Amino acid sequence: MNKYRTHNCNQLRKKDIDKKIILSGWINKKRDHGNLLFVDLRDNYGITQCIIDKDNENFSKLEKTQLETVIKIEGKVVSRSDDTVNKEIETGEIEISIESFEVLGSCNELPMPVFSDQEYAEDIRLKYRFLDLRRKKIHENIILRSKVISFIRDEMIKAEFLEFQTPILTSSSPEGARDFLVPSRLNPGKFYALPQAPQQFKQLIMVSGFDKYFQIAPCFRDEDARADRSPGEFYQLDLEMSFVEQEDVFNVVEKLLVNTFTKFSNKKLMYDKFPKISYVDTMLKYGTDKPDLRNPLIINDITEIFDRDDVTFEIFKKLVKSGSKVRCITTKNTKDKPRSFFDGIDKWAKEQGASGLAYFTLEKDGDLSAKGPIGKFFSKEALIEIMEKTNSAVGDSLFFACGKQNELEKITSQARDKIAKDLNLVDDNTFAFCWIVDYPMFEKDEDTNKIKFSHNPFSMPQGNLTENELKNPLNILAYQYDIVCNGIELSSGAIRNHKPDLMYKLFSIAGYNKKQVDEKFSGMINALSYGAPPHGGIAPGIDRIVMLLANEKNIREVTMFPMNQNAQDLMMSAPSDVDEKQLKELGLSLKTKK
RNA sequence: GGGGGUGUAGCUCAGUUGGUUAGAGCGAUCGCCUGUCACGCGAUAGGUCGAGGGUUCGAGUCCCUUCACUCCCGCCA
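So, a few notes on the structure that sits alongside this text. (Residues numbered from 1 in each chain as written. Chains lettered and ligands numbered in written order. Predicted model: local features only at pLDDT ≥ 70, side-chain atom pairs only at ≥ 80, totals over all residues. Heavy atoms only, no water.)

A few words on the side chain of Lys72. Of note, Lys72 is situated in strand 4 (residues 70–79). Although Lys72 is buried, it forms no salt bridge, and the closest oppositely charged side chain is Glu102 at an N-O distance of 4.0 Å. Of the polar contacts made by the side chain of Lys72, one reaches the backbone oxygen of Lys3; its length is 2.8 Å. Among all residues touching Lys72, those that are not within four sequence positions of it are Lys3, Tyr4, Ile22, Leu23, Ser24, Ser100, Phe101, Glu102 and Leu104. (Helix = DSSP H or I, 4+ residues; strand = E, 2+ residues; numbered from the N terminus. Buried < 20%, exposed > 50% of the residue type's maximum accessible area, 1.4 Å probe, protein only. Lys, Arg positive; Asp, Glu negative; His and termini not counted. Salt bridge = Lys/Arg side-chain N within 4 Å of Asp/Glu carboxyl O. Polar contact = N/O pair within 3.5 Å; in protein donor to acceptor, adjacent residues only side chain to side chain. Contact = heavy atoms within 4.5 Å.)

Turning to the protein's contact with RNA strand B, a few remarks are in order. Residues in close proximity to RNA strand B total 50 residues, the closest being Lys29, Asp32, Asn35, His455 and Asn566. The sugar-phosphate share of atoms of RNA strand B within 4 Å of the protein amounts to 50%. A distance of 3.1 Å is found between a phosphate oxygen of RNA strand B and a side-chain nitrogen or oxygen belonging to Lys29. Take Pro111: an N or O atom from its main chain is 3.1 Å from a sugar or linking oxygen of RNA strand B. At the level of elements, strand 1 (20–32), strand 2 (36–42), strand 3 (47–53) and helix 2 (122–127) are the ones that each hand at least two residues to the surface near RNA strand B. For the surface near RNA strand B, the per-class residue count stands at 15 nonpolar, 17 polar and 18 charged. (Near = heavy atom within 4 Å. Nonpolar A, V, L, I, M, F, W, Y, C, P; charged D, E, K, R; others polar.)

Taken together, 5 strands build a closed barrel; the order of strands is 1-2-3-5-4 and the barrel is mixed. Pairwise comparison of adjacent strand axes, ignoring direction, gives a mean angle of 55° for this sheet. The sheet contact formed by strand 3 and strand 5 (residues 94–105) spans 2 bridges and is parallel. Paired with Cys50 across the strands is Ile96, a residue of strand 5. (Pairing = 2+ DSSP bridges. Axes fitted to C-alpha atoms, helices over the stretch in contact; angles between N-to-C directions.)

Going from Ala574 to Pro575, the amide bond is cis rather than trans, its omega being -5°. With a phi angle near 85°, Asp18 is a residue other than glycine that sits in the positive phi range. Structurally, Asp18 can be placed in the segment before strand 1. For Asp18, a relative accessible area of 53% translates into the label exposed. At Ser573, a position not held by glycine, the phi torsion is positive, near 55°.

Looking now at the packing of aromatic side chains. For the structure on display, the rule yields 30 aromatic pairs. Look at Phe507 and Tyr512: their rings are 5.4 Å apart centre to centre, the planes differ by 85°, and that puts the pair in the edge-to-face class. Taking relative accessible area as the criterion, Phe507 reaches 0% and is therefore assigned buried. Here Tyr512 falls in the buried class, since its relative accessible area comes to 17%. (Phe/Tyr/Trp six-rings, centres within 6.5 Å; stacked < 30°, edge-to-face > 60°.)

A separate point is the packing of helix 4 (residues 136–158) against helix 6 (residues 246–264). It is the contact of helix 4 with helix 6, at a shortest axis distance of 11 Å, that shows an interaxial angle of 145°. Pair helix 4 / helix 6 crosses with right-handed handedness. Contacts from Leu144, Lys147, Val148, Phe151, Ile152, Glu155 and Met156 in helix 4 reach Leu256, Asn259, Thr260, Lys263 and Phe264 in helix 6. When the residues that make up the contact of helix 4 with helix 6 are grouped by side-chain class, the tally is 7 nonpolar, 2 polar and 3 charged. (Left-handed = near helix turned anticlockwise from the far one by under 90°.)

Turning next to the side chain of Thr91. Relative to the elements of secondary structure, Thr91 occurs in the loop between strand 4 and strand 5. Look at Thr91 and you get buried, because its relative accessible area is 1%. A polar contact of 2.5 Å, which involves the side chain of Thr91, links it to the backbone oxygen of Ile47. Sequence-distant contacts of Thr91, that is, excluding residues within four places in its chain, are made with Cys9, Asn10, Gln11, Leu12, Arg13, Ile47, Thr48 and Arg80.

Scanning the model with the defined rule gives 42 salt bridges in all. Among the salt bridges present, the one from Arg129 reaches Asp132, with a minimum N-O distance of 2.7 Å. With Arg129 and Asp132 both in helix 3 (residues 129–132), this residue pair falls 3 residues apart, about one helical turn. Residues Arg129 and Asp132 agree in their burial class; the two are buried. Among the ionic pairs, Glu223 bridges to Arg178, the shortest N-O distance being 2.6 Å. In this pair, Glu223 is assigned in the loop between strand 9 (212–221) and strand 10 (232–242) and Arg178 in the loop between strand 6 (162–163) and strand 7 (181–183), connecting sequence segments 45 residues apart. Sharing partners across several salt bridges, the network here consists of Arg125, Arg129, Asp132, Arg135 and Glu557.

Next up, the structure:
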């Protein structure tokens, strides 16, 4: 028999009454009646109420034992009377009559309570993460994460994918995020980089003939954090398949995500078959490439309206003449909303740095008219054209923004969220997945005005790419796709370019000559020259999937030992200073010394 | 790098128009209490009001600087 326990703290039931048992766990809570003491003993599995009275020689010692002390209790399972049964816990029909107890791990005064639903400042939670992780909600989140990962691994293996590990110390790549660098002792002055993703390795696995690969892969990017973006490191379900087209990847991932989300959440799926939205369409209709499709509001472009002579809103007309566009959001049946609703949104827009959101409401009091600050600038005929273009009706309101395309996309996208929130249009009990497809291969760098890869340089361009098409690189689309759920980007993937000749052409557009490509991507480009299969894949973000399933808004709530926003681990004190000796071995010296 | 929010007891927070000795709940310590499950009751200890400077007869409160945490923008192929 194990000397610490015969049962865990969620095991004992009525059928165990009169058994002599041993339990070990943490003191979750004490209720001290002076001559009678209740102790809630907690472990990973649950809580069991234990009881001791003053006749027991251990009474006063246990009475003075701190919460969160780890103790071992020997005693007898006894029945609870009907009026003292606790239906909140699974062991609530019984309790343990304590005969003796022993302290296994003592506990100092707590810097933060464990048994409480209160929220605490993050720095304390992170410094004492081992205490924080004892708390119910986050403890359950981490267990959920484990179960989700097991399930996904299981599904992938069932689908005949092979799991492989890829190097953590690899080479720095010029494209994309900042790398974490690791100095090499054996090669002084040279650096490894931690992988931003196993991108090149998974393609090499395909070239090596393994056909279907996956990995729950750690990824490292030295970029600033957000609520849904851990600093430093995160995990992806990295997968890659040979001899596939885009649709084959979609089928695998769609099935996996539907299975995962139906298994681990009770929320409804808005679509079993994920809708596909082109990049151009999503940027117009939603102003972003990660649209929240639970939100029914749609953005429409009505720039042309301002060419009409019977539209006299001169501010917009003038801006349109100089190249600006006008886009609007229609809200259904909002004619009775108070003035404060409309002004609130206009004020909010100004706070976001926009010049505000103009608005009017369509009304028909005899004649069709627009009520609101800018209503008077539109003729009846112009209003009819607007109604056709925006699919709006009498009683609806329209919010207008005018500006350069990228500014407009940003503000209308934010306004879509804001208005939907104010009108309570988003059903929080739903997951709305979609594919964003047909990303452009290239984009223009705003600062340098140079052409650069808009996503992954290894993606396969669409079409045959005649010399003529290559002259207009901004028109080239890629077999590049994202999965979005509830406005969160879950994953990004592509059919890869497995043809070296084409690769050189595309890189030359982005300003890399053959020699540079050979140097920077030697492993890849070399491998593609020795019989590479057509292949493609994707990499859903594990942390974000768990975040959605756990209904959390912050990724740290589903990460066991996260760093703070400044990429510091407050518990382990990382990053830290290192010895001069270590630096010397690596051939490094520091420019900045404290 | 930029913008917003927050910072008062170990924890969560209140603190009015600038005005006497800065409060509450939880936790800690001590005492009372034999059926609680957020047990109850009483007492005690516990404060660099994030830090520094300024205005003022007087600053937790107003101003400036700065630090920490957090959210957002940039960034994240």
